[in-house]
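Observations on chain architecture
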Amino acid sequence: MTSSGQITYEPSTLQIIEGAYNVLGVAQEGEALTPRMYQDGLRALNQLIQSMSAEVHLWTYEEGYFTPTADTPSYVLSPRALRVTDCRYRNNVSLIDVPMAEMSRQEYFDQPTKTTSPSLPVNFYFDPKVADGTLYLWPCPSAATAAAYTIRYTYVRFLQIQTASNDTLDFPQQWIEAVTWNLARKLITQYPVNDPNLMQIVMGTAKETMDQLRSWDNEPASLYMSPNYQGGMQP
């Protein structure tokens, strides 16, 4: 008995959509999808991807950095971030990173001075907005800080949508089954099935596969809680 030795499985957009229609018993084996069916499937797939972007996934964490500017408290992040989970300031000589404390929107905008630059920023607030997200630092960086430090941050990126029939999913391959069944669930209102048992199977399997992946999509490391004093230590 021999195994394939292959671990990569990357079906295309078209194959994912065909799989969802096959679940519903709509597409006939060996027959191409009609243009209308493909467009309905593509629209539903991208809607599903956008909904799933609202959840934090391990593979969507990215690292970014920028050099602060003197007397400038706000910075538009590029690439666009869905969320910023934490920030650190790094001494450019010692390369020591020090965590910064996150502020709520109200906490940041309640600060009486935002453009005064007394020293090193120890707090941050991220405003995601619809278009470009903005990261606010407090206190505002001074000229000495801008010359000696960089700001490092961890952010959650957006999931990429599908634009071509040969695109592959911006998901780990473990999510392919869950995406396919949940796409079938979305399409079932446009392409209803007459078998009540099949409808129950589609709805149940869609939920089951998604729940399984959500329980897996977590860091195994332990979490330790400590008081947040809204400040940091300068290296």
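A short tour of the structure in this document, coming up. (Residues numbered from 1 in each chain as written. Predicted model: local features only at pLDDT ≥ 70, side-chain atom pairs only at ≥ 80, totals over all residues. Heavy atoms only, no water.)

In the structure shown here, the tally under the stated rule is 12 salt bridges. A salt bridge links arginine 157 to glutamate 62; the nearest nitrogen and oxygen atoms lie 3.3 Å apart. In this pair, arginine 157 is assigned in the loop between β8 (149–156) and α5 (176–187) and glutamate 62 in strand β1 (residues 61–66), connecting sequence segments 95 residues apart. Relative accessible area serves as the criterion here: at 17%, arginine 157 is assigned to the buried category. For glutamate 62, a relative accessible area of 30% corresponds to the partly exposed category. (Salt bridge = Lys/Arg side-chain N within 4 Å of Asp/Glu carboxyl O. Helix = DSSP H or I, 4+ residues; strand = E, 2+ residues; numbered from the N terminus. Buried < 20%, exposed > 50% of the residue type's maximum accessible area, 1.4 Å probe, protein only.)

All right, on to the sheet that holds strand β4 (residues 97–99) then. Read from one edge of the open sheet, 4 strands run β1-β8-β3-β4, paired in antiparallel fashion. Looking at strand neighbours, the two that pair on one side only are β1 and β4, the edges of this open sheet. Averaged over neighbouring strand pairs, the angle between their axes works out to 30 degrees when direction is ignored. Pairing of strand β3 (residues 83–91) with β8, which is carried by 8 bridges, proceeds in the antiparallel orientation. (Pairing = 2+ DSSP bridges. Axes fitted to C-alpha atoms, helices over the stretch in contact; angles between N-to-C directions.)

A few words on the packing of aromatic side chains. Scanning the entire structure with this criterion turns up 14 aromatic pairs. Here tyrosine 21 and tyrosine 191 contribute two aromatic rings whose centre-to-centre distance is 5.2 Å and whose plane-to-plane angle is 85 degrees, an arrangement assigned as edge-to-face. Of the two residues, tyrosine 21 is situated in helix α1 (residues 13–24) and tyrosine 191 in the loop between α5 and α6 (196–216); the sequence distance between them amounts to 170 residues. Across this residue pair, the class does not change: tyrosine 21 and tyrosine 191 are buried. With a centroid separation of 5.1 Å and an interplanar angle of 85 degrees, the aromatic rings of tyrosine 108 and phenylalanine 109 are classed as edge-to-face. Residue classification places tyrosine 108 among the buried positions, given a relative accessible area of 1%. (Phe/Tyr/Trp six-rings, centres within 6.5 Å; stacked < 30°, edge-to-face > 60°.)

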